[in-house]
Amino acid sequence: GRDGEPSRCTILYRVEDRQIQGYFLGGKYPDIEEAAQAARVVNAIPEGERRPLEEIADAAGVPRRKVRIVLTLLKRHGMMREHRGGEWERAAADVTTADLSRELTDYEERRALDRRKLEAMIGYSQTARCRTRLILEYFGESPPEDFRCGHCDVDTGPSLRGVPAPPAETAAPQPMPWENGDSEHEAEAFAPGDEVSHPTFGEGVVLEVRSERAEVDFGGHGVRTIRGDFLTRI
Ligand SMILES: [Zn+2]
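Residues numbered from 1 in each chain as written. Predicted model: local features only at pLDDT ≥ 70, side-chain atom pairs only at ≥ 80, totals over all residues. Heavy atoms only, no water.

The protein atoms that coordinate the zinc ion are Cys130 (SG), Cys149 (SG), Cys152 (SG) and Asp155 (OD), at distances of 2.1 to 2.3 Å. One can describe the donor arrangement at the zinc ion as tetrahedral, given that its 4 donor atoms subtend angles of 101 to 124 degrees at the metal. (Donors = N, O, S within 2.8 Å, 3.2 Å for Na, K, Ca; no water. Tetrahedral: all angles 85-135°; square planar, octahedral: opposite > 155°, others 65-115°.)

So this is what it looks like as structure tokens:
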């Protein structure tokens, strides 16, 4: 985090979530076929008569919320009138003449985008590779083949897939892209009195060393406990 201390993030993920999310993505927007089906039912309503949304949806065999979207689009095109209580009236002789292709294409693109976002999140949750690598790749970077951040659960412990990860000693932390690349710093290598520098807090003096962390007095930035690999001896 901004205090230089390690931050811990937890992913809550279940395989079943994919199906649930996929279901909602699939059910959000009407496609061309569903729009045409709803329009055919609307065309069959006698002129001047009103029908509740549920009735139109049932007759069309299309879910209500999709029919609602189609009717709203038709209303925007001046071909439907909406009355109180969710009743709809046709305002044109043939509503299938409405060109809804632009709106429906927008929905198609939105649906594809939603699906890509879901796939990316599932990939992140299920990966057997370094999770930081996935984030870097998502944002367009190409980390080297052997890149390991050394901090994520995949790099440091047994993964959710049960793939044994190498012991922590051999998984040396790699510098994060925003670090200066010089990471040969174990806190054990520091001793009280050492002068060190930190990318955010500047120069300081080591007060105490505990396992992989060091307590450092940064003067104006106060006394902070910092992981050794964030410190550089000066
Ligand atoms: Zn990692």
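Let us now look at helix H3 (residues 53-60). Listing the buried residues of H3 in full gives Leu53, Ile56, Ala57 and Ala60. Seen along its axis, H3 keeps its buried residues to an arc of 95 degrees; they face one direction. Structural note: H3 exposes Asp58 and Ala59 on the side pointing more than 90 degrees away from its buried face. In this fold, the buried residues of H3 make contact with helix H2 (32-43), strand S1 (50-52), helix H4 (64-76) and strand S3 (87-90). Immediately downstream of H3, the backbone of Gly61 shows phi near 70 degrees, a positive value. (Buried < 20%, exposed > 50% of the residue type's maximum accessible area, 1.4 Å probe, protein only. Helix = DSSP H or I, 4+ residues; strand = E, 2+ residues; numbered from the N terminus. Arc of directions from axis to C-beta. Contact = heavy atoms within 4.5 Å.)

Together, Ile135, Tyr138 and Phe139 make up a nonpolar patch on the protein surface, roughly 370 Å² of accessible area in all. Along the chain, the position of Phe139 falls in the loop between helix H6 (131-138) and helix H7 (153-156). A relative accessible area of 64% means that Phe139 is categorised as exposed. (Patch = residues over 30% accessible without salt bridge, like charges linked within 9 Å, V, L, I, M, F, W, Y side chains within 5 Å. Areas by Shrake-Rupley, 256 points an atom, 1.4 Å probe, with all protein chains shown as cover. Salt bridge = Lys/Arg side-chain N within 4 Å of Asp/Glu carboxyl O.)

Let us now look at the confidence of the model for the chain. Here the chain shows a mean pLDDT of 82. Residues at 70 or above account for 85%. Least confident of the elements in the chain is helix H1 (residues 16-26), whose mean pLDDT is 74; most confident is H3, at 96. In this model, residues 181-187 is a region of pLDDT below 50 whose contacts with residues beyond four sequence positions or in other chains number 17 contacts. (pLDDT = per-residue confidence, 0-100.)

Residues Ile56, Val67, Leu71, Leu74, Met80 and Val95 are the most contacted members of the largest nonpolar core, which totals 27 residues. Within the residue set of this core, elements represented by two or more residues are H2, H3, H4 and helix H5 (101-126). Residue contributions to this core peak at 6 residues, all from H4. When residues no more than four places from it in sequence are discounted, the contact partners of Ile56 are Val41, Val42, Ile45, Arg51, Val67, Leu71 and Trp88. (Core = buried A, V, L, I, M, F, W, Y, C linked by side-chain atoms within 4.5 Å.)

A separate point is the packing of aromatic side chains. All chains considered together, the criterion is met by 3 aromatic pairs. Seen in terms of ring centroids, Tyr29 and Tyr107 are 5.1 Å apart; in terms of plane orientation they differ by 10 degrees. Their pairing is stacked. Linking Tyr29 in the loop between H1 and H2 with Tyr107 in helix H5, this pair joins segments that are 78 residues apart in sequence. Each ring, one from Phe201 and one from Phe218, has its centre 5.3 Å from the other, and the planes form 50 degrees; the classification is tilted. Here the residue Phe201 occupies a position in the loop between strand S4 (195-198) and strand S5 (202-210), and Phe218 occupies one in the loop between strand S6 (213-217) and strand S7 (223-227), the gap between them amounting to 17 residues. Looking at Phe218, the relative accessible area reads 4%, which means it is buried. Above the plane of the ring of Tyr124 lies Arg131, whose end atom (NZ or CZ) is 5.9 Å from the centre. Across from the ring centre of Phe201, 4.2 Å away, lies the NZ or CZ of Arg224, which sits over that ring. (Phe/Tyr/Trp six-rings, centres within 6.5 Å; stacked < 30°, edge-to-face > 60°. Lys NZ or Arg CZ within 6 Å of the ring centre and 35° of its normal.)

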